[in-house]
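The primary structure of each chain is shown beneath.
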Amino acid sequence: MELAVGAGGMRRSASHTSLSESDDFDLSRLLNKPRINVERQRSFDDRSLSDVSYSGGGHGGTRGGFDGMYSPGGGLRSLVGTPASSALHSFEPHPIVGDAWEALRRSLVFFRGQPLGTIAAFDHASEEVLNYDQVFVRDFVPSALAFLMNGEPEIVRHFLLKTLLLQGWEKKVDRFKLGEGAMPASFKVLHDSKKGVDTLHADFGESAIGRVAPVDSGFWWIILLRAYTKSTGDLTLAETPECQKGMRLILSLCLSEGFDTFPTLLCADGCCMIDRRMGVYGYPIEIQALFFMALRCALQLLKHDNEGKEFVERIATRLHALSYHMRSYYWLDFQQLNDIYRYKTEEYSHTAVNKFNVIPDSIPDWLFDFMPCQGGFFIGNVSPARMDFRWFALGNMIAILSSLATPEQSTAIMDLIEERWEELIGEMPLKICYPAIENHEWRIVTGCDPKNTRWSYHNGGSWPVLLWLLTAACIKTGRPQIARRAIDLAERRLLKDGWPEYYDGKLGRYVGKQARKFQTWSITGYLVAKMMLEDPSHLGMISLEEDKAMKPVLKRSASWTN
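This structure is a prediction, so every number in the text was calculated from the model and none was measured.

Caption draft 1: Molecular detail of the overall build of the protein chain. If you tally the helices and strands in the protein chain, you get 21 helices and 16 strands. With 562 residues in all, the protein chain has 62% of them scored as buried. Across the protein chain, contacts joining residues at least 24 apart in sequence account for 72% of those joining residues at least 6 apart. Just so you have it, the protein chain exposes about 22,800 Å², and 51% of that area is on carbon and sulfur atoms.

Now the structure itself:
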């Protein structure tokens, strides 16, 4: 969909969406809404920072109460290279922090003179720009968190409002119409110096490699809206009719009832951060964890009015089913692996133990050596006759932050990372998935994708952006020493290597063969991790405490036989 406003009026086309500078509709008024008072801010949170003390925590410990924290931006604007968290808490910033902030500022995109987002990469050396000069919803999240932590919420507010406008336009790929609630994968600002008009062009998947619409953009938008609300204490944005409607539209897409017998969300390959064919079709852990987190965030943000009440009830029902399903069937540890190894097949009726008819011979050989006696993780996918036993970092980290993982499961995930440090961390945090697909399997699963060769890109590459998720999970589980060790590794190379998009090799020793330099989310992944470790109260923006009303996972012997 394209929208351009000028003397000739308005025109639309089905190929892409754009929003003219002069066409802000009703949402423009929201940018200048008065802020709420301090009393209103504190009512959103259970406790202020003055009520909270932090200690590093020991091995296996858990942190409580972060969800109730108020994480103020402090109203403190820092100069480049002097982040507010360091100034506020008297930390001596690492020498590369200033360079990181400068690189982040260079990536800013402006619309009508206001910062609206950050481009994916600022790589002048690259021969092809492709879509790296666009603002991606997914990619902007760590940038947004960095700005919120640094006391600069306005750019995040602008981003949330403009993407909400783009969501409202008709979306077509070829002659097929997408769901009304779909959020764009990315957008680009075009400046017409002659007419003095700025135009937004949005991509909903019709221009993407593989033509796959992002399922996760809408989830990240809801998660970011809550982060903004937690950081600023400002409920007015989330409570506007426009934001309420935007959330309901996203939820309508994923809460609709159909033929599926699982509470998980059916997805295509390439619909998430792993945006190339990697055999994650079906019910990938990354989407299920984000789905769970977005539902919990929406539950906090939705009004209990006539329209919102129905969604609140549907969310609560889905969360109970989804948490049981994920904690029971996606969880894998040593004992569970042994149980699957001894499965019988072709079982019938509700008494079946092997509910998905998984053939024990399908368990890959690498898993038996990889699984430690202590530790566990959520596997990549579960569907009829298929378990994808690969480790996927983002899904497991989000499971911890959203409390999809129980406290015991969260501890086990951190145990696994420590036990398998070389495989999952290596020399550059963090493996996006493990292990890599190789040889004939690689040809079948990836379609011989030359970018996804073994231990590269999405096929076992190491992604610095995941550092912020690892750090957040470490703080929540009381294991900050793991994050500190990973950050130390990253600081040795990130600036020297030019902030690359990803690293290659089993240990992440080599800059990715097609990695862009000055990749914005590599920069912000580091900054957010650093700021969060210095001031753990920031975790409240992105962490949800366990819902005590949620039905707990049953004992393993029962969960697979009921």
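Caption draft 2: How the structure looks around the packing of aromatic side chains. Summed over the entire model, instances satisfying the criterion amount to 21 aromatic pairs. Taken together, a centroid distance of 6.2 Å and an interplanar angle of 90° make the contact between Y324 and Y329 edge-to-face. Classification of Y324 by relative accessible area gives buried; the value is 18%. Geometrically, the ring pair formed by W366 and F370 is edge-to-face, given 5.5 Å between the ring centres and 70° between the ring planes. Taken together, the positions of W366 and F370, both in helix α13 (residues 365–370) and four residues apart, correspond to about one turn of that helix. Judged by relative accessible area, W366 falls into the partly exposed class, the value being 24%. We classify F370 as buried; its relative accessible area is 3%. In this structure an aromatic cluster arises from ring pairing among W366, F370, F377, W391, Y434 and W455. The side chain of R516 reaches across the aromatic face of Y132, ending 4.3 Å from its centre.

Caption draft 3: Up close: the nonpolar core. In this structure, W221, W391, I417, L466 and Y526 are the most contacted members of the largest nonpolar core, which totals 169 residues. No other element matches helix α10 (residues 285–301), which puts 12 residues into this core. Other than its neighbours up to four places away in sequence, W221 contacts L160, T163, L164, M183, C243, M247 and I250.

Caption draft 4: Representation of the pattern of salt bridges. Within the structure shown, the criterion is met by 14 salt bridges. Close ionic contact of K530 with E491 constitutes a salt bridge, the shortest N to O distance being 2.7 Å. Of this pair, K530 sits in helix α20 (residues 520–534) while E491 sits in helix α19 (residues 480–491), and the two are 39 residues apart along the sequence. Each member of the pair, K530 as well as E491, is classed as buried. Here D497 and R493 are joined by a salt bridge, their closest N and O atoms 3.0 Å apart. R493 shares its class with D497; the two are buried. What emerges from the salt-bridge pattern is a single network uniting D415, E418 and R479.

Thresholds applied
- Residues numbered from 1 in each chain as written.
- Predicted model: local features only at pLDDT ≥ 70, side-chain atom pairs only at ≥ 80, totals over all residues.
- Heavy atoms only, no water.
- Helix = DSSP H or I, 4+ residues; strand = E, 2+ residues; numbered from the N terminus.
- Buried < 20%, exposed > 50% of the residue type's maximum accessible area, 1.4 Å probe, protein only.
- Contact = heavy atoms within 4.5 Å.
- Areas by Shrake-Rupley, 256 points an atom, 1.4 Å probe, with all protein chains shown as cover.
- Phe/Tyr/Trp six-rings, centres within 6.5 Å; stacked < 30°, edge-to-face > 60°.
- Lys NZ or Arg CZ within 6 Å of the ring centre and 35° of its normal.
- Core = buried A, V, L, I, M, F, W, Y, C linked by side-chain atoms within 4.5 Å.
- Salt bridge = Lys/Arg side-chain N within 4 Å of Asp/Glu carboxyl O.

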